[in-house]
Amino acid sequence: MALENNIIWFSKSLELPPFSSISAATMAEHLGMEWVALGPDFLSIRMPVDHRTHQPFGLLHGGASCALAETVGSIASYMVIDPGKFISVGLEINANHVRGIKSGYVTGTATPLHLGNSTHVWDIKIKDEAGKLV
């Protein structure tokens, strides 16, 4: 995929689209996810670590982390394609949990590893408010 001025998105205007309409009545809304940043080759979303996203021991649930990653990766793929011609859906997710967190916010940032004609592979790093990998 040729990059125009290093911008990977189908629409070259760098503004966070009104994702609230996409997220309405979805898991993203239920878990309190908020879109926070869009750059020429990355997209970021944050999520609170609270009663909605805890596992029984008071830590961020691995499934909530995966939901955050799936959300940012899927929307990033949607933004790369021509939505008038194609749709994008998740194919696989692999997660490593390296640090527990009990409160605050985590932010997931998606950057592309591969943008092919029929598949995209995203590297999604989830970090806490101190910038530490979760």
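What comes next concerns the included structure.

Observations regarding the overall build of the protein chain
Next, step 1: A tally of regular secondary structure across the protein chain gives three helices and four strands.
Next, step 2: When its helices and strands are written in sequence order, the protein chain yields α-α-β-β-α-β-β.
Next, step 3: Here the C-alpha atoms of the protein chain give a radius of gyration of 15 Å, agreeing with the 14 Å that 2.2 N^0.38 yields for 134 residues.
Next, step 4: Judged by the C-alpha coordinates and their principal axes, the protein chain covers about 45 × 30 × 25 Å.
Next, step 5: Residues classed as buried in the protein chain amount to 35% of the 134 residues present.
Next, step 6: The contacts in the protein chain between residues at least 6 apart in sequence include a share of 59% that link residues at least 24 apart.
Next, step 7: Within the structure as shown, the protein chain displays about 8,100 Å² of accessible surface, and the carbon and sulfur contribution to it stands at 54%.
Next, step 8: Mean positive and mean negative side-chain charge positions of the protein chain (9 and 12 charges, respectively) differ by 7 Å.

Describing the packing of aromatic side chains
Next, step 1: A full pass over the atoms with the stated rule returns one aromatic pair.
Next, step 2: Ring centres of Trp9 and Trp122 lie 6.3 Å apart, and the angle between their planes is 10°; on these two criteria the pair is classed as stacked. In this pair, Trp9 sits in the segment before α1 (19-23) while Trp122 sits in strand β4 (residues 120-128), placing the two residues 113 residues apart along the sequence. Of the two residues, Trp9 and Trp122, both sit in the buried class.
Next, step 3: Here the basic side chain of Arg46 rests over the ring of Tyr105, its NZ or CZ set 3.7 Å away from the ring centre.

Some thoughts on the nonpolar core
Next, step 1: Among the nonpolar cores identified, the biggest contains 30 residues, and Trp9, Met33, Leu43, Met47, Leu60, Val106 and Trp122 are the most heavily contacted of them.
Next, step 2: Elements with a contribution of two residues or more to this core: β1 (34-39), β2 (42-49), α3 (62-80), β3 (104-115) and β4.
Next, step 3: Considering every element that reaches this core, the biggest residue donor is α3, with nine residues.
Next, step 4: Leave out the neighbours within four places in its chain, and Val106 touches Ile45, Arg46, Met47, Val49, Leu60, Leu68, Ile101, Ile126, Lys127, Asp128 and Val134.

Considering the sheet that holds β4
Next, step 1: Read across the sheet, four strands follow the order β1-β2-β3-β4 without closing on themselves; strand pairing throughout is antiparallel. Each having just a single partner strand, β1 and β4 make up the two edges of the open sheet. When the angles between neighbouring strand axes are averaged without regard to direction, this sheet yields 25°.
Next, step 2: For β1 and β2, the ladder comprises five bridges, and the chain directions are antiparallel. Pairing of Ala37 across the sheet is with Ser44, part of β2.

Description of the pairing of β4
Next, step 1: Relative to β4, β3 runs antiparallel, the two sharing nine bridges. In the sheet register, Pro112 faces β4, and the bridge partner there is Trp122.

Some points on the side chain of Ser44
Next, step 1: When you line up the elements, Ser44 lands in strand β2.
Next, step 2: Exposure remark for Ser44: the relative accessible area of 5% places this residue in the buried category.
Next, step 3: When neighbours within four sequence positions are excluded, Ser44 is seen to be in contact with Trp35, Val36, Ala37, Val72, Thr107, Gly108 and Thr109.

The rules behind these values
Residues numbered from 1 in each chain as written. Predicted model: local features only at pLDDT ≥ 70, side-chain atom pairs only at ≥ 80, totals over all residues. Heavy atoms only, no water. Helix = DSSP H or I, 4+ residues; strand = E, 2+ residues; numbered from the N terminus. Rg over C-alpha atoms; globule rule 2.2 N^0.38 Å. Buried < 20%, exposed > 50% of the residue type's maximum accessible area, 1.4 Å probe, protein only. Contact = heavy atoms within 4.5 Å. Areas by Shrake-Rupley, 256 points an atom, 1.4 Å probe, with all protein chains shown as cover. Lys, Arg positive; Asp, Glu negative; His and termini not counted. Charge placed at Lys NZ, Arg CZ, Asp CG, Glu CD. Phe/Tyr/Trp six-rings, centres within 6.5 Å; stacked < 30°, edge-to-face > 60°. Lys NZ or Arg CZ within 6 Å of the ring centre and 35° of its normal. Core = buried A, V, L, I, M, F, W, Y, C linked by side-chain atoms within 4.5 Å. Pairing = 2+ DSSP bridges. Axes fitted to C-alpha atoms, helices over the stretch in contact; angles between N-to-C directions.

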